[in-house]
Amino acid sequence: MNTQIIHIRKWVPVAIINFMIVAVYGWVMRYKISYSLPFLFQKYLLHAHSHFAFSGWVTQLLMIFLIGLLPTTLSNGRRTLYRTLLYANLINAYGVLISFTIQGYALFSITFSTLGLIVSFLFAGFYIYDSLKMNFSKAKLWFIAALVFQTLSAAGTLSLGYMMGSKSIDINTYHASIYWYLHFQYNGWFMFALIGLFIDFLYKKMPEFRMPSSFFVILLLSCAPTYGLSIPWMLPTWADIVTGIGTIAQAVAWFIFFYQIIRLKAIRHISDSFGRMLVILIGLAVFVKITLQLISLFPLISQMAFGHRPIVIA
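Residues numbered from 1 in each chain as written. Predicted model: local features only at pLDDT ≥ 70, side-chain atom pairs only at ≥ 80, totals over all residues. Heavy atoms only, no water.

S.K.: Outline the packing of helix H7 (residues 213–223) against helix H8 (residues 237–263), supporting the account with residue identities and numerical values.
M.R.: In the contact formed by H7 and H8, the axes pass within 9 Å of each other and the chain directions differ by 155°. Looking at the two axes, H7 sits roughly antiparallel to H8. Between H7 and H8 the crossing geometry is left-handed. Residues Ser-214, Phe-215, Ile-218, Leu-219, Ser-222 and Cys-223 of H7 touch H8, and the partners they reach there are Gly-246, Ala-249, Gln-250, Val-252, Ala-253, Trp-254, Ile-256 and Phe-257. For the contact of H7 with H8, the class distribution of residues is ten nonpolar, four polar and no charged. (Axes fitted to C-alpha atoms, helices over the stretch in contact; angles between N-to-C directions. Helix = DSSP H or I, 4+ residues; strand = E, 2+ residues; numbered from the N terminus. Parallel < 35°, antiparallel > 145°, perpendicular 65-115°, else oblique. Left-handed = near helix turned anticlockwise from the far one by under 90°. Contact = heavy atoms within 4.5 Å. Nonpolar A, V, L, I, M, F, W, Y, C, P; charged D, E, K, R; others polar.)

Put into structure tokens, the structure is as follows:
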């Protein structure tokens, strides 16, 4: 009898197919810049692309891996619940994709977005509850924090949905809502879940591995303040200072992480050369991200960078 809660090897290809759909949408949007596709609206494609990328690709994959870490001692009812939530997220993601492609922000797309939030809330609630009861991973605090940030990010979606539905858009609130959602998804839900998965992997490969708790604490406390990097034009002086402290603290946290990884030669425990190369490239990407954040603390650079929305998102 199979003791796994889900068949991870069967679910991962589903998420990768969703990633390929995201790539196709990206290609179509770029195609439309030069050539006409009158039956497709660029703004609708943009919303469909971004929403599906978050729900159908990244969130679906993270849910798969997080569920896969849960102990097989879970009750049959709990196993069924997690499988149901995984299917519900997938079906809803396709609902979001289709509805946004056809009508943009309207009844069906807002409905599917709302249902997606409900699924995420349920998953976060049950997973956090089960995590607090069981000791299944040394990285479970990372997963709990990730899910809390995922829940916090929903405030941006709700605010945006309300403005779109009521046709009462304030440009500052509109951008603040988008960046709130993006920040707590990227730097909260995605980042903490992925770091947790990597640390869980290292603990299983290296029983002697230890990651200083200061890395988690600093990154946790600096997550909310660094939201200010996305909306510098809206912040008073005191908030700018808090954002700067959070940005520097985040850089310190990553120094602790990289130092520990290099000191223990952790990458050698990744068996294949492609995996090692991938981890190194990810490390370089994080280094670039932190460097750009630190540079953006200088007022002149900040004014140049954040005057262009694509740079904020980048």
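S.K.: Describe the environment of Met-29, and please don't skip the residues or the numbers.
M.R.: In this fold, Met-29 is placed in helix H1 (residues 8–34). We classify Met-29 as buried; its relative accessible area is 8%. Considered as a pair, Met-29 and Phe-41 are twelve residues apart in the sequence and their alpha carbons are 9.1 Å apart. The residues contacting Met-29, other than those within four sequence positions of it, are Gln-42, Leu-45, Leu-46 and His-49. (Buried < 20%, exposed > 50% of the residue type's maximum accessible area, 1.4 Å probe, protein only.)

S.K.: Before we move on, could you go through helix H6 (residues 171–205) and cite the residues and values that matter?
M.R.: When the terminal C-alpha atoms of H6 are compared, their 49 Å separation across 35 residues agrees well with the 51 Å that a helix rising 1.5 Å per residue should span. The principal kink in H6, of about 35°, is found at Gln-185. Across the 35 residues that make up H6, a large majority, 25, are buried. (Expected span 1.5 Å × (residues − 1). Bend = angle between axes of the 7 residues up to and from the residue.)

S.K.: Can you break down helix H5 (residues 140–166) residue by residue, with the values?
M.R.: The terminal C-alpha atoms of H5 lie 40 Å apart, and with 27 residues this matches the ideal 39 Å at 1.5 Å per residue to within 8%. Count one or two residues on from H5 and you reach Lys-167, which has phi positive near 60°.

S.K.: Help me get a handle on the environment of Gly-116, residues and values and all.
M.R.: Relative to the elements of secondary structure, Gly-116 occurs in helix H4 (residues 107–133). Gly-116 gets classed as buried once you look at its relative accessible area, which sits at 15%. Here the alpha-carbon distance between Gly-116 and Gly-95, two residues 21 residues apart in the chain, equals 9.6 Å.

S.K.: Quick one: what's the story with the packing of aromatic side chains, residue by residue and with numbers?
M.R.: Under the defined criterion, the tally for this structure stands at 33 aromatic pairs. Residues Phe-52 and Tyr-94 carry aromatic rings whose centres are separated by 5.2 Å and whose planes lie at 65° to one another, so their mutual orientation is edge-to-face. Remark: Tyr-94 occurs in helix H3 (residues 76–103) and Phe-52 occurs in helix H2 (residues 42–69); sequence separation between them is 42 residues. Lying over the aromatic face of Tyr-203, Lys-138 brings its terminal NZ or CZ to 5.8 Å of the ring centre. (Phe/Tyr/Trp six-rings, centres within 6.5 Å; stacked < 30°, edge-to-face > 60°. Lys NZ or Arg CZ within 6 Å of the ring centre and 35° of its normal.)

S.K.: Quick rundown of the nonpolar core? Include the residues and the values.
M.R.: Among the nonpolar cores identified, the biggest contains 88 residues, and Phe-123, Tyr-127, Trp-142, Phe-209, Phe-215 and Trp-254 are the most heavily contacted of them. No other element matches H6, which puts 17 residues into this core. In contact with Phe-215, not counting residues within four places along its chain, are Trp-142, Ile-195, Ala-253, Trp-254, Ile-256 and Phe-257. (Core = buried A, V, L, I, M, F, W, Y, C linked by side-chain atoms within 4.5 Å.)

S.K.: Account for the environment of Val-28, with residues named and values stated.
M.R.: Summarising the element assignment, Val-28 is placed in helix H1. For the pair Val-28 and Leu-40, spaced twelve residues apart in sequence, the C-alpha separation works out to 9.5 Å. Residues within four places of Val-28 in sequence aside, it is in contact with Leu-37, Leu-40 and Leu-45.

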